[in-house]
Amino acid sequence: MSAVTANTAKAANDRPLMTVYQPAVSETAWVRRTLIGVAALFVALFLVLPLGMVLFEALRSGLDTYVAAITEPDAMAAIGLTLLAAAIAVPLNIVFGIAAAWSIAKFEFIGKRFLITLIDLPFSVSPVIAGLIYVLLFGAQSWMGPWLQEHDIQIVFAVPGIVLATIFVTFPFIARELIPLMAEQGSDDEQAALSLGASGWRTFIAVTLPNIRWALLYGVLLCTARAMGEFGAVSILSGHIRGLTNTLPLHVEILYNEYNFAAAFAVASLLALLALVTLGLKSALEWRLDSERGVAGRRE
């Protein structure tokens with residue numbers, strides 16, 4: 001045995017069984033504090049302060065004015081339409097998201113990459129453009145316009161158009177949360193359940209759904225928040241008919257343009273509170289999802 005080989009073997013035997021990895025970058029305390037301070041200042045100036053100002057302006061005229069602004073008929077109609085659009089769009093996106101994620105993560109098929117691209121389409125297309133697309137498809141001057149008028153069907157400047165726009169801008173959220181998780185989990189659990197005699201539906205309920213429940217809830221949360229806060233596409237398709245086709249964001253715009261600032265900030269505070277609740281639930285779901293992924297990693 002040569003001297004080089006002997007030294008190499010001796011070095012290998014002298015190595016510790018566990019290697020302690022040091023971080024690639026070790027900053028001094030003042031650098032870490034400066035970076036944390038800059039990040040905290042940015043968050044305070046651009047996130048916390050605007051939300052605080054909305055709540056302050058909403059309550060500055062008194063609690064009676066605030067309650068009157070959010071309970072007047074047009075505001076209640078806007079709240080009801082916003083909830084209706086979300087109540088229709090979110091369940092449909094749950095069905096689509098699970099089906100799309102299942103197909104992409106579990107199977108190989110022609111057009112798989114194209115389907116992934118279509119799922120990402122609302123992220124790259126402006127919501128205003130999406131609204132214009134529906135106007136071109138279902139408007140009075142479109143090729144479907146005469147048929148829709150003949151059968152007394154109104155989509156543009158009506159509730160169906162608002163629902164369609166909401167579905168379009170929100171359908172990537174659930175699928176995009178489920179695809180990486182289901183791809184990481186693989187299909188071993190489902191195949192084991194099927195080999196033991198479980199039906200496809202039973203396998204989905206007892207195996208697949210529990211494995212994706214937190215990611216699904218996370219996607220539903222993001223989808224709901226976007227559905228209730230969407231402005232661009234809904235603005236194009238609503239027609240701004242007060243009390244009929246105005247959602248909460250559109251109602252805020254109308255009140256602000258009328259210089260009714262107290263009512264505008266009061267209604268806007270509902271969306272701000274929704275954002276805060278969404279943030280809290282999002283953090284809780286992220287923690288739970290990371291915990292489950294950590295447990296799954298340790299089991300492997």
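Look above for the structure.
Residues numbered from 1 in each chain as written. Predicted model: local features only at pLDDT ≥ 70, side-chain atom pairs only at ≥ 80, totals over all residues. Heavy atoms only, no water.

A. Expanded view of the overall build of the protein chain. In terms of regular secondary structure, the protein chain is built from 15 helices and zero strands. Out of the 300 residues in the protein chain, the part that is buried amounts to 33%. Entry remark: accessible area of the protein chain is about 18300 Å², with carbon and sulfur atoms responsible for 68%. (Helix = DSSP H or I, 4+ residues; strand = E, 2+ residues; numbered from the N terminus. Buried < 20%, exposed > 50% of the residue type's maximum accessible area, 1.4 Å probe, protein only. Areas by Shrake-Rupley, 256 points an atom, 1.4 Å probe, with all protein chains shown as cover.)

B. How the structure looks around the packing of aromatic side chains. The tally for this structure, following the rule as stated, stands at 10 aromatic pairs. Summarising the aromatic geometry, the rings of Tyr134 and Phe168 are spaced 6.3 Å apart at their centres and angled 85° between planes, so their arrangement reads as edge-to-face. In this pair, Tyr134 is assigned in helix H7 (residues 127-138) and Phe168 in helix H9 (residues 159-170), connecting sequence segments 34 residues apart. Residue Tyr134 shares its accessibility class with Phe168, and that shared class is buried. Residues Tyr259 and Phe261 carry aromatic rings whose centres are separated by 6.0 Å and whose planes lie at 90° to one another, so their mutual orientation is edge-to-face. For Tyr259, a relative accessible area of 65% puts it in the exposed group. Ring pairing ties together the aromatic residues Phe96, Tyr134, Phe138, Phe168 and Phe171, which thus form one cluster. (Phe/Tyr/Trp six-rings, centres within 6.5 Å; stacked < 30°, edge-to-face > 60°.)

C. Molecular detail of the pattern of salt bridges. All chains considered together, the criterion is met by seven salt bridges. Two residues, Lys106 and Glu190, come together in a salt bridge whose shortest N-O distance is 3.6 Å. Of the two residues, Lys106 is situated in helix H4 (residues 73-106) and Glu190 in helix H11 (residues 188-195); the sequence distance between them amounts to 84 residues. This pair shows no difference in class: Lys106 is buried, exactly as Glu190 is. For Arg242, the salt bridge is made with Glu258, and the minimal N-O distance between the two is 2.6 Å. Taken together, the positions of Arg242 in the loop between helix H13 (232-238) and helix H14 (248-257) and Glu258 in the loop between H14 and helix H15 (261-299) put the pair 16 residues apart, joining distant regions of the chain. Look at Glu258 and you get partly exposed, because its relative accessible area is 44%. (Salt bridge = Lys/Arg side-chain N within 4 Å of Asp/Glu carboxyl O.)

D. The arrangement of a nonpolar patch on the surface in detail. On the surface, Leu41, Phe42, Val43, Leu45, Phe46, Leu47, Val48, Leu49, Met53 and Phe56 cluster together into a nonpolar patch covering about 980 Å² of accessible area. As for its position among the elements, Phe56 is in helix H2 (residues 29-59). Judged by relative accessible area, Phe56 falls into the partly exposed class, the value being 47%. (Patch = residues over 30% accessible without salt bridge, like charges linked within 9 Å, V, L, I, M, F, W, Y side chains within 5 Å.)

E. The arrangement of the nonpolar core in detail. Core analysis: the biggest nonpolar cluster contains 24 residues, and Ile119, Ile174, Leu178 and Leu216 have the highest contact counts within it. Among the elements of the structure, H4, helix H10 (172-185) and helix H12 (200-229) are those that each provide at least two residues to this core. When residues no more than four places from it in sequence are discounted, the contact partners of Leu178 are Gly97, Ile98, Ala101, Ile212, Ala215 and Leu216. One finds Leu81, Ile155, Ala165 and Val169 within the second-largest nonpolar core, a separate group that totals 17 residues. (Core = buried A, V, L, I, M, F, W, Y, C linked by side-chain atoms within 4.5 Å. Contact = heavy atoms within 4.5 Å.)

Remember that the coordinates give geometry; whether it matters functionally is a separate question.
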